[in-house]
Amino acid sequence: MKTSVAGIAVAGALAAVSTPTLARDTINIVGSSTVYPFATVVAERFGRNTDFPTPKLESTGSGGGLKLFCAGVGTEHPDITNASRRMKPSEFERCQSNGVKDIVEVKIGSDGIVIASSKKAENLDVDLKELYLALAKEVPDPNGGDKLVANPYKNWSDVDSSLPNKPIRVMGPPPTSGTRDAFVELAMEGGCEDIPMIEKLDGDKKDQVCKSIREDGAFIEAGENDNLIVQKLASDTSAYGIFGYSFLEENSGTLQAATINGEQPTQDAISSDAYPLARSLWFYVKKAHVGVIPGIPEYVAEFTNEGTWGPNGYLADVGLIPLPREARVKQAKNANAMTPMTGDELK
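Residues numbered from 1 in each chain as written. Predicted model: local features only at pLDDT ≥ 70, side-chain atom pairs only at ≥ 80, totals over all residues. Heavy atoms only, no water.

Asker: Whenever I open this one, the state of the cysteines confuses me. Can you help?
Answerer: Linking two cysteines covalently via their sulfur atoms produces the bond known as a disulfide. Going through the model one piece at a time under the given rule, you end up with 2 disulfides. Each sulfur in the disulfide pair Cys70 and Cys95 lies 2.0 Å from the other. Judged by the torsion about the S-S bond (-75 degrees), the Cys70/Cys95 disulfide is left-handed. On the criterion of sequence distance, the pair formed by Cys70 in the loop between helix H2 (62-69) and strand S3 (80-83) and Cys95 in helix H3 (residues 89-97) is long-range, its members being 25 residues apart. Its relative accessible area of 0% is what places Cys70 among the buried residues. (Disulfide = S-S within 2.5 Å. Helix = DSSP H or I, 4+ residues; strand = E, 2+ residues; numbered from the N terminus. Buried < 20%, exposed > 50% of the residue type's maximum accessible area, 1.4 Å probe, protein only.)

Put into structure tokens, the structure is as follows:
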């Protein structure tokens, strides 16, 4: 990616900061590894077609990006953070307590979480219950009774005889990732709903059981760089990987996606929410940095342009599934007006 080499000069502090900070002329963006490829394309176009430097992007995961974003106001903090899940109320409150008062929320489109493998591997056809039983830290005792036990399943076929007779090995994102959060919510908690014994547990215990992923080596935390998972799958036919649909699209020549609850992750299935692991993508703008860091409104305008995020826009070519037109118009209007969140949206 083209990056700015402009010099750094000493500048006055932002109004919300009591001590001077170093000014910069380049937009600083952190956050989701899933949104990263889309934001990178927008940033490169923006840098090439305007007089502003190409924004600097860092893939930190959704949780990591929001932590950095909410740490404070000032040019030492990011201007924008990408997220593959919506900001949590607790994160909004952390922002507020650290002086990040005005936050602009932009929903950019849809994506699906895929469970992919090499095309040379045996593909998966699973439902959410089977997926939960394969990856949960604790499961109902397969020998019967009403107790939970450490996950005893070694092979996929141990979960169900129709599944591949090979070890359960799944590479996925760490807890700081929005993809991990969304996978836990959509896949793990979704699978829990089909297990009567777990559904009967009290709220806190049920929450813990449904959200805990096994730590015995069957699930491998592969970091925030989804491209590394893609590369490993290409050479390892015994493993499966969890990442966003856009990475599958980009590597469709070598990778295949599992069928989940009878649905393949196609653009139509994701946009209609028929695919059970469909989720929305977002970015958040620190309004206090507008007018201090050059180009923020212009970058937002580029991202929310129909030629960018519409059905015939250039982001569709790299796997973004557009919002419906009415939703795009509403999001673009709020984004370009820099309308801040109230926090009520998250309740």
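Past the structure itself, the notes keep going.
Asker: Explanation requested: unusual backbone geometry in the structure shown.
Answerer: Glycine aside, residues mostly have negative phi, and peptide bonds are mostly found in the trans state. Positive phi, normally seen in glycine, also occurs at Asn261, with a value near 50 degrees. With respect to the secondary-structure elements, Asn261 resides in the loop between strand S12 (259-260) and helix H11 (267-271). Taking the relative accessible area as the measure of exposure, Asn261 reaches 40% and is therefore partly exposed. Look at Met338: it is not a glycine, yet its phi comes out positive at around 55 degrees. Inspection of the secondary structure puts Met338 in the segment after helix H14 (325-336).

Asker: Can you walk me through the packing of aromatic side chains in this structure?
Answerer: Applying the stated rule across the entire model yields 7 aromatic pairs. Arranged with centres 5.7 Å apart and planes meeting at 80 degrees, the rings of Trp156 and Tyr240 form a pair that is edge-to-face. Note that Trp156 is positioned in helix H5 (residues 156-159) and Tyr240 in strand S10 (residues 240-244), a separation of 84 residues in sequence. One exposure class covers both Trp156 and Tyr240, and it is buried. Pairwise contacts between aromatic rings join Phe46, Phe52, Phe283, Tyr299 and Phe303 into one cluster. When the ring centre of Tyr314 is taken as reference, the NZ or CZ atom of Arg45 above it lies at 3.9 Å. In this arrangement the basic side chain of Lys286 is found over the ring face of Phe69, its NZ or CZ atom lying 4.7 Å from the centre. (Phe/Tyr/Trp six-rings, centres within 6.5 Å; stacked < 30°, edge-to-face > 60°. Lys NZ or Arg CZ within 6 Å of the ring centre and 35° of its normal.)

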